Amino acid sequence: MKITRITAIPLSYRLPEGQTVKVGVGATIKRDAIVVRVETDEGLTGYGEAHPGRSPGAVAALVNATLNPMLVGMDACDVVGVWSRVHRMQLSSHGLGAGAALALSGIDLALWDIRGKAAGMPLYRLLGGSRKRMPAYAGGISLGFQPVPQLVEEARGHVAAGYRALKLRLGDNPRDDAARVRAVREALGPDVDILTDANTAWSLADARRVIPTLAEARVGWLEEPFSALDFGAYRIAATLAPSLPIAAGENHYTRWDFARLLEDRAVTLWQPDLSKTGGITEALRIAAMASAFGITVHPHCSATGINHAATLHFLAALDNGGYFEACVSRFNPLRDMFGVPFALGADGCVEPPEKPGIGMDVDEKVFAEFPAIDGPGYVVKF
Ligand SMILES: [Mg+2]
């Protein structure tokens, strides 16, 4: 079964008035996603998702103009071969670094969708997993910088919906960051796992001021306090409160960025995103490295149902999988455009889909509703 064509389709929508969420990287004004379609000479078509990296048109152009001709004619089941060819010809030499990893991720996911469809198996089974129940947390772009009463109300709503874990945003300023965490812990009691994410907005001084409060509130993790490659700051932060695990990985690309994380042992929870780090092929390698060092993998996940469903399959096949990140953004039509990608049970858990491949029914007619919009998805000024 040969690859005959690879096409990336960039998609966007603007957030309606009143739906902006403020987090450490800015205030959301629009959301983007890229769906990657891979066609084969046997009539099977697979769909993957590439993270747009704030520039959906550019990442889609890389797929369509450069990677498509580089890969057409290859065996559609040879995910390792495709990965290696893109790595050799694009990522490691004359490459675009993260941009090439984003593009490759979407292609790799589509190829795994094809493998599952060809085998007539849901992806979790093809990957060696089982249809187990996995804990989910309320994540995505939600629980942002807002007055404490509104934040507590939103948090209570997620708990009422069944979540036993949720993620608060940090990186506003040390005083408000600490106040929000304290208030939510007080409102929800000791049994809800409160996770936190600074979206790289902190300085080391911020970390020194807020980390004691996070430890006191028994927060489950502190995610991305600093820029992904600021390894020295991560090393210092890890010494400030031994009971507080530090998480990162959604901005670490390929096994080599994770290998560098491993050297310091400062980041003890890993969060690769299948649509960013190099697809399922690479995320499996990263998870295997983590397993050997007692590191739990809590994949980052966003945008469409394709990445959500693929992440469920991936988690179901790990021996060191942690939480599923469920996007609970109030307004995310890209998440739901192919149907609901996950259903939260009364136990706060989710399961992988049962259909062959990634298991989403992609109806391309819906793409017309989300024409790509150039420009950044976040603005700095609130
Ligand atoms: Mg994050």
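Residues numbered from 1 in each chain as written. Predicted model: local features only at pLDDT ≥ 70, side-chain atom pairs only at ≥ 80, totals over all residues. Heavy atoms only, no water.

A. Here's a closer look at the UniProt feature "domain: Mandelate racemase/muconate lactonizing enzyme C-terminal" (unreviewed entry) in the protein chain. Under the local residue numbering, the UniProt record ascribes the feature "domain: Mandelate racemase/muconate lactonizing enzyme C-terminal" (unreviewed entry) to residues 148–247. Helix makes up 51% of residues 148–247 and strand 15%, whereas the separation of the span's terminal C-alpha atoms amounts to 25 Å. (UniProt positions renumbered as here; feature names shortened; annotations may be inferred. Helix = DSSP H or I, 4+ residues; strand = E, 2+ residues; numbered from the N terminus.)

B. Geometry of the pairing of strand β13 (residues 324–327). Because side chains alternate across β13, one face comprises the buried residues Phe-324 and Ala-326, and the other comprises Glu-325 and Cys-327, equally buried. Sheet analysis places strand β6 (residues 134–139) next to β13, joined by 4 bridges and oriented parallel. Of the residues in β13, the one forming a bridge with Gly-139 is Cys-327. (Buried < 20%, exposed > 50% of the residue type's maximum accessible area, 1.4 Å probe, protein only. Pairing = 2+ DSSP bridges.)

C. Region of interest: the side chain of Thr-213. Tracing the sequence through the fold places Thr-213 in helix α7 (residues 204–216). Overall, Thr-213 belongs to the buried group, its relative accessible area being 10%. Each residue touching Thr-213, except ones within four places of it in the same chain, is listed here: Ala-178 and Arg-182. (Contact = heavy atoms within 4.5 Å.)

D. Focus on the packing of aromatic side chains. Summed over all chains, the structure comprises 10 aromatic pairs. Aromatic pair Tyr-137 and Trp-221: ring centres 5.5 Å apart, planes at 85°, arrangement edge-to-face. Here Tyr-137, found in strand β6, pairs with Trp-221, found in strand β9 (residues 221–223); they are 84 residues apart in sequence, far enough to count as distant. The burial state of Tyr-137 is the same as that of Trp-221; both residues are buried. With 5.1 Å between their ring centres and 55° between their planes, Phe-258 and Trp-270 make a pair best called tilted. Placement of Phe-258 in helix α9 (residues 254–264) and of Trp-270 in strand β11 (residues 269–270) is noted, with a sequence separation of 12 residues between them. The exposure class of Phe-258 is buried, given its relative accessible area of 0%. Looking at Trp-270, the relative accessible area reads 0%, which means it is buried. Ring-pair connections join several aromatic residues into one group, and the members of that group are Tyr-13, Phe-331 and Phe-370. Above the plane of the ring of Trp-112 lies Arg-115, whose end atom (NZ or CZ) is 4.5 Å from the centre. (Phe/Tyr/Trp six-rings, centres within 6.5 Å; stacked < 30°, edge-to-face > 60°. Lys NZ or Arg CZ within 6 Å of the ring centre and 35° of its normal.)

E. Region of interest: the coordination of the magnesium ion. Asp-197 (OD), Glu-223 (OE) and Glu-250 (OE) make up the full set of protein donors to the magnesium ion, lying at 2.0 to 2.1 Å. Between consecutive donor residues of the magnesium ion, the sequence gaps follow D-x25-E-x26-E. In this pair, Glu-223 sits in strand β9 while Glu-250 sits in the loop between β10 (246–248) and α9, placing the two residues 27 residues apart along the sequence. Taking the relative accessible area as the measure of exposure, Glu-250 reaches 10% and is therefore buried. (Donors = N, O, S within 2.8 Å, 3.2 Å for Na, K, Ca; no water.)

F. Region of the structure containing the packing of helix α3 (residues 98–119) against helix α10 (residues 279–292). Two elements in contact, α3 and α10, have axes separated by 6 Å at closest approach and are oriented at 95°. The angle between α3 and α10 places the two elements in the roughly perpendicular class. Along its contact with α3, which presents Ser-105, Asp-108, Leu-109 and Trp-112, the element α10 presents Gly-279, Ile-280, Thr-281 and Leu-284. Among the residues forming the contact of α3 with α10, the class breakdown is 4 nonpolar, 3 polar and 1 charged. (Axes fitted to C-alpha atoms, helices over the stretch in contact; angles between N-to-C directions. Parallel < 35°, antiparallel > 145°, perpendicular 65-115°, else oblique. Nonpolar A, V, L, I, M, F, W, Y, C, P; charged D, E, K, R; others polar.)

G. Representation of the sheet that holds strand β5 (residues 45–50) in the model. Spatially, β1-β4-β5 is the arrangement adopted by the 3 strands of the open sheet, whose pairing is antiparallel. Strand pairing shows two members of the sheet lacking a second neighbour, β1 (3–14) and β5, which therefore form its edges. Direction aside, neighbouring strands of the sheet carry axes that sit 20° apart on average. With respect to the sheet, helix α1 (residues 56–71) is in contact with β1 and β4 (30–40), its orientation differing from that of β1 by roughly 175°.

H. Up close: the sheet that holds strand β15 (residues 378–379). Ordered by their spatial adjacency, 3 strands build an open sheet running β2-β3-β15, and the pairing between neighbours is antiparallel. Since the sheet does not close on itself, it has two edges, and those belong to β2 (22–23) and β15, each with one partner. With 2 bridges joining them, strand β3 (residues 26–28) and β15 adopt antiparallel strand pairing. From the neighbouring strand, Ala-27 faces β15, where its bridge partner is Val-379.

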